[in-house]
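Now for the letters of each chain:
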Amino acid sequence: VRLIDSQEAYMETQACCTDTVLSFQQQSVWADVFAQAVTGELIGAMNYRTLAEMCDLASEKAEASEHAEREEAHAQMFRRLGERIGTQVRSDVDAPYWSRIRAAFVRCATRGDRTGCFVIQEVMLESFAVASYGRIARIAPPAIATTFAAIAAEEHEHVEHAVALLRGIRERDTDAFDTTVKTLHAEVMTTLAEMVASEDPKGHCGLCSGTCVKEALPAVGLCTSELRGASLRQYMQTLDAIGVPGDASLQWVAQLPV
Amino acid sequence: MSVDFALIGHLEDWDAAASVVSALRGRELPPIPADELRTIVPWLPPRTVCRVLVHSVAGVEARGIYIDTFIPPDRLDTRFLHENLGRVRDAAQYAVKEGAGVATLGGFTSILLEGKLDGLPEATQFTTGNTMTVALIVRGIERALSIAGRSLEESTVLIIGATGDVGSGCARHLALRTRRMLLCARNAGRLAALHNELRSAGAITTASTVVDDLADEADVVICAASLGAPTLHLESLPAHAIVCDAGYPKNVLRRSGRPVIFFGGLGRVSKGFRMWPDLEGVLNRHPYPHVAQGCLLEGMILGLERRFESFSRGRGAITPERVDEMWAMAQRHGIELAPLHNAAGCIEDEIAALKRIA
């Protein structure tokens, strides 16, 4: 679809970069989507840096640091996408929702709860990243879709790595593990659910350039209900793979805000 | 964490879906708005919704689970067949993962076994539960006629959905016991085959693909069609007719007091069953406690019997002997016909009032 408005001259310059001509509104929506993605990746990088500090073994420390670098690289890739469509991508790790998630992670780290840190970063955040990037890859113009698909695949590897690790931890102490997940779910998943709720229950997210982008998402073929549904399904399937009973995860998810 | 039985099903309508989600959310949280619910349920992967402990009058008990496929109630038609089969297969895998000895595929989900489709895991035995459904429909008809002061032998019985697994099971069980049998189904080829089979056996039968061709002659109607939603009107039935709606979802769109309809294929566990989380009154939306669909009861019965086998499998394989065998097992454990009722409550007085019309 070729949409032309008063910014025709500008759009002609960016058409060659994205293979698809974006309207002014679409450009604005993508900029806000990229802002969430960049900030999420930066939070991920910070979380992995914190994990690296918690590791005793040099190999684990190196692995966590490598993951942090990959998350920073993802953030950079999303920023470049923004440049290609002619916009500066905002990012703010102190934005209200994201800072709450980071704070939950730091609390886990402070009490030395590495399992909790893994659950937040590699189950909760990565499930949302894999699913939402996957949905975006299905509908975005080719240049954007390729980047999101590639990053979704990498994040999926993180999830698989976490599943193997966490399944072992759960087998050693099932009750303690399930209690940890339940507690963190109430804190972190509630925040993530609020982020993809149909409205902003806690006010402006601090990242959208204007009003909340959610209502404008259909302009680029996205909608919050799909992003929420796909993300929660990925999260439940990840918990399934770890061994958390499906009836427990169902009840937890049913109690999230909408 | 192995269990004796798994009951695989789907929610009949959006009200039922809302009730289940509200129960899982708990009383402290507000219900999810209906429009939001419709955007959430389709994304839920099949999984255990509650655990079940069923008690028998024989002193044994069986442990089970209820797995919901979360097929959206408005996506039960053939346009979504591929997607829905995927969900049923995922639910079947879930039953295997839970270590179920036998799993019953209730409602729409039985299509996987009726269609003889492969792809079911072998570690768990799967049954459609249709044999127990037929047993309960037949007992329900017998009871209704008894209340109305009539007998099967003097009644003309119309079966809608006659070539389906449940419909054909009812036809075979009742054909030689009724004055006349009227068969209605959409597939003309299958309908002719069933018609010829029953006539060869000595039954007096008439068949048509059009309900209205047959309805005005029926004393009793069994509705066992696979419909995505209630669409049958049955306005041309005689005033004294009794309708057993055994569809899931229900077949008959009821607009007035006539005809007299009761929900068929339902049984009651006399010693009761317990669910946790406690979804009695949510999954069981009938006016009596411990009532369940026959297909689900078959899973419980096989669990209580420790008979981990595909008791009901394929399409058109339900014989009167198998129905009687299942009914004998049900009675051994105190599983009986539920009181005749419909959405408005007990219907037995209305059925008794038909004596005056007859």
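A.B. asks: What is the right way to read the environment of Thr133(B) from this model?
C.D. replies: Residue and element names in this part refer to chain B. Here Thr133 shows up in helix α5 (residues 130–147). Between the C-alpha atom of Thr133 and that of Ala193, which follows or precedes it by 60 residues, the distance is 23 Å. The residues contacting Thr133, other than those within four sequence positions of it, are Val166, Gly265, Gly294 and Cys295.

A.B. asks: Help me understand the pairing of strand β9 (residues 220–223) of chain B, please; the structure alone is not making it clear to me.
C.D. replies: Remember that side chains alternate between the two faces of the sheet whenever the strand is regular. Residue and element names in this part refer to chain B. Neither face of β9 is exposed, since Val220 and Ile222 on one face and Val221 and Cys223 on the opposite face are all buried. Looking at chain direction, strand β6 (residues 156–160) and β9 are connected through 4 bridges and run parallel. Opposite Ile160, over in β9, you have Cys223 as the bridge partner. Bridging between β9 and strand β10 (residues 242–245) involves 4 bridges; their strand directions are parallel. Bridge pairing in β10 links Val221 to Val243.

A.B. asks: Please explain unusual backbone geometry as it appears in this structure.
C.D. replies: Both trends apply: most residues other than glycine have a negative phi, and most peptide bonds are in trans. All names here are of chain B. Cis geometry is adopted by the peptide bond preceding Pro249, which originates at Tyr248 and carries an omega value of 0 degrees. Inspection of the secondary structure assignment puts Pro249 in the loop between β10 and β11 (260–263). Put simply, Trp276 and Pro277 share a cis peptide bond, and its omega is 0 degrees. Even without a glycine there, the phi angle at Leu234 is positive, about 55 degrees.

A.B. asks: Got a minute to help me understand the sheet that holds strand β1 (residues 5–9) of chain B in this structure?
C.D. replies: Backbone hydrogen bonds hold the strands of a sheet together, and the pairing may be parallel or antiparallel. Residue and element names in this part refer to chain B. The 6 strands lie next to each other as β5-β4-β1-β3-β2-β13, forming an open sheet whose pairing is mixed. Each end of this open sheet is capped by a strand with a single partner; those strands are β5 (125–127) and β13 (273–276). Within the sheet, the average angular offset between the axes of one strand and its neighbour, ignoring direction, is 25 degrees. Of the strand pairs in this sheet, strand β2 (residues 47–55) and β13 are connected by 4 bridges, and their pairing is antiparallel. Following the sheet pairing, Val54 is matched in β13 by Phe273. Sitting on the sheet, helix α3 (residues 81–97) touches β1, β2, β3 (61–68), β4 (102–105) and β5, and the angle it makes with β1 is about 165 degrees.

A.B. asks: Please clarify how the side chain of Ser127(A) should be interpreted in this entry.
C.D. replies: Position of Ser127(A) relative to the elements: it lies in helix α5 (residues 114–139). When neighbours within four sequence positions are excluded, Ser127(A) is seen to be in contact with Val159(A), Ser231(A), Gln234(A), Tyr235(A) and Thr238(A).

A.B. asks: Explain the confidence of the model for chain A to me, please; I cannot follow it from the model alone.
C.D. replies: For any part of a model where pLDDT is low, the fine detail of the predicted coordinates should not be relied upon. All names here are of chain A. Here chain A averages 90 in pLDDT, and 92% of its residues register 70 or above. No element of chain A has a lower mean pLDDT than helix α1 (residues 8–18), which averages 42, and none a higher one than helix α4 (residues 96–110), which averages 97. Contacts of residues 1–17 to residues separated by more than four positions or lying in other chains number 25 contacts, the stretch itself having pLDDT below 50.

A.B. asks: What exactly am I supposed to notice about the nonpolar core here?
C.D. replies: Taken as a class, soluble globular proteins show a tendency for nonpolar side chains to be buried jointly. Judged by nonpolar contacts, the single largest core of 164 residues is most densely connected at Trp30(A), Phe148(A), Met132(B) and Ile351(B). Once residues within four sequence positions are removed from consideration, Phe148(A) is found in contact with Val33(A), Phe34(A), Ala37(A), Phe78(A), Leu81(A), Tyr133(A), Ile136(A) and Ala137(A). Ala6(B), Ala91(B), Leu120(B) and Phe126(B) belong to the second largest nonpolar core, which has 20 residues in total.

A.B. asks: Any chance you could explain the pairing of strand β7 (residues 180–184) of chain B here in plain terms?
C.D. replies: Residue and element names in this part refer to chain B. With 5 of its 5 residues buried, β7 lies for the most part within the structure. Residue alternation in β7 divides its side chains into two sets, Arg180, Leu182 and Cys184 and Met181 and Leu183, and both sets are buried. The pairing of β6 with β7 spans 5 bridges and is classified as parallel. The partner of Leu158 across the bridge, within β7, is Leu182. The parallel pair β6 and β7, bridged by helix α6 (residues 165–174), forms a crossover whose chirality is right-handed.

A.B. asks: Explanation requested: the pattern of salt bridges in the structure shown.
C.D. replies: Two side chains that carry opposite charge are able to pair once their charged atoms sit near each other. Summed over the entire model, instances satisfying the criterion amount to 28 salt bridges over all chains. Linking Glu60(A) and Arg114(A) is a salt bridge whose minimum nitrogen-to-oxygen distance equals 3.3 Å. In this pair, Glu60(A) is assigned in helix α3 (residues 58–84) and Arg114(A) in helix α5, connecting sequence segments 54 residues apart. Look at Arg114(A) and you get partly exposed, because its relative accessible area is 26%. We note a salt bridge from Arg268(B) to Glu336(B), for which the minimum N-O separation is 3.4 Å.

A.B. asks: Which parts of the structure should I look at to understand the sheet that holds strand β14 (residues 291–293) of chain B?
C.D. replies: All names here are of chain B. Strands sit in the order β14-β12-β15 across an open sheet of 3 strands; the sheet is antiparallel. Both outer strands of the open sheet, β14 and β15 (335–337), are each paired with one neighbouring strand and no more. Strand-to-strand, the axes of this sheet are offset by a mean angle of 40 degrees, without reference to chain direction. Relative to β15, strand β12 (residues 266–269) runs antiparallel, the two being bridged by 3 bridges.

What counts, and where the lines are drawn
- Residues numbered from 1 in each chain as written.
- Chains lettered and ligands numbered in written order.
- Predicted model: local features only at pLDDT ≥ 70, side-chain atom pairs only at ≥ 80, totals over all residues.
- Heavy atoms only, no water.
- Helix = DSSP H or I, 4+ residues; strand = E, 2+ residues; numbered from the N terminus.
- Contact = heavy atoms within 4.5 Å.
- Buried < 20%, exposed > 50% of the residue type's maximum accessible area, 1.4 Å probe, protein only.
- Pairing = 2+ DSSP bridges.
- Axes fitted to C-alpha atoms, helices over the stretch in contact; angles between N-to-C directions.
- pLDDT = per-residue confidence, 0-100.
- Core = buried A, V, L, I, M, F, W, Y, C linked by side-chain atoms within 4.5 Å.
- Right-handed = clockwise from strand over helix to strand, strands pointing away.
- Salt bridge = Lys/Arg side-chain N within 4 Å of Asp/Glu carboxyl O.

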